[in-house]
Amino acid sequence: MGDEEDDRREAKRALVEAFSTFGSDALRDVWLFDQRTHERLYVRDDVAEKVTDLDVPRFVDNERYGYVTRDTYSDLYYADYNYTVRGFDGFEQFRTFLSEEDRRVGVFGSFDRREGGYDFGALNDELAAVVADYSFEAFVPE
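All of the points below concern the structure found in this document. These numbers come from a predicted model, not from an experiment.

1. Some points on the overall build of the protein
Looking only at helices and strands, one finds four helices and five strands in the protein. Starting at the N terminus and ending at the C terminus, the protein contains elements arranged as α-β-β-α-α-β-β-β-α. Looking at the protein as a whole, 43% of its 142 residues qualify as buried. For the protein, the exposed area adds up to about 8,400 Å²; of that, 44% sits on carbon and sulfur atoms.

What follows is the structure, encoded as structure tokens:
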């Protein structure tokens with residue numbers, strides 16, 4: 001059991017590290033979710049103050065619609081769906097799904113807006129590399 005827990009901790013740490021390396025000090029938060037639950041992996045202190053008044057479960061429920069839209073995009077488009085980016089005043093939110101065969105776990109994180117924007121495709125590729133290094137189970141939210 002200890003090895004499994006260590007693997008989960010290390011996998012989630014590596015996921016946060018990938019977001020952090022990508023966004024540096026602009027990283028605001030990182031969350032995992034599946035169809036039943038969610039897990040906060042990282043929230044920057046100033047953002048933590050703001051989300052104390054937020055209905056986090058409702059917010060995550062909205063991200064769960066991504067399970068449906070991902071399947072819809074797969075059925076409608078000639079290219080594979082990879083990620084979604086939403087722009088808010090002051091920050092941008094990135095969401096993708098980590099997958100293994102027909103199983104998926106969602107992950108999203110946000111970054112302070114910056115001039116010139118971000119290469120979210122590069123982040124998506126880096127997250128895929130992190131997932132390849134661990135068992136899929138290690139990313140399932142607790």
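2. Some thoughts on the nonpolar core
Counting residues in each nonpolar core, the largest one holds 27 residues, and the members touching the most others are Leu 15, Phe 19 and Phe 111. Secondary-structure elements contributing two or more residues to this core are helix H1 (2-23), strand E1 (27-33), strand E4 (91-100), strand E5 (103-112) and helix H4 (120-132). Here this core takes seven residues from H1, the largest share from any one element. Here Phe 19 is in contact with Ser 24, Leu 27, Val 30, Phe 94, Val 107, Phe 108, Gly 109, Phe 111, Leu 123 and Leu 127, once residues within four sequence places are set aside.

Rules of the game
- Residues numbered from 1 in each chain as written.
- Predicted model: local features only at pLDDT ≥ 70, side-chain atom pairs only at ≥ 80, totals over all residues.
- Heavy atoms only, no water.
- Helix = DSSP H or I, 4+ residues; strand = E, 2+ residues; numbered from the N terminus.
- Buried < 20%, exposed > 50% of the residue type's maximum accessible area, 1.4 Å probe, protein only.
- Areas by Shrake-Rupley, 256 points an atom, 1.4 Å probe, with all protein chains shown as cover.
- Core = buried A, V, L, I, M, F, W, Y, C linked by side-chain atoms within 4.5 Å.
- Contact = heavy atoms within 4.5 Å.

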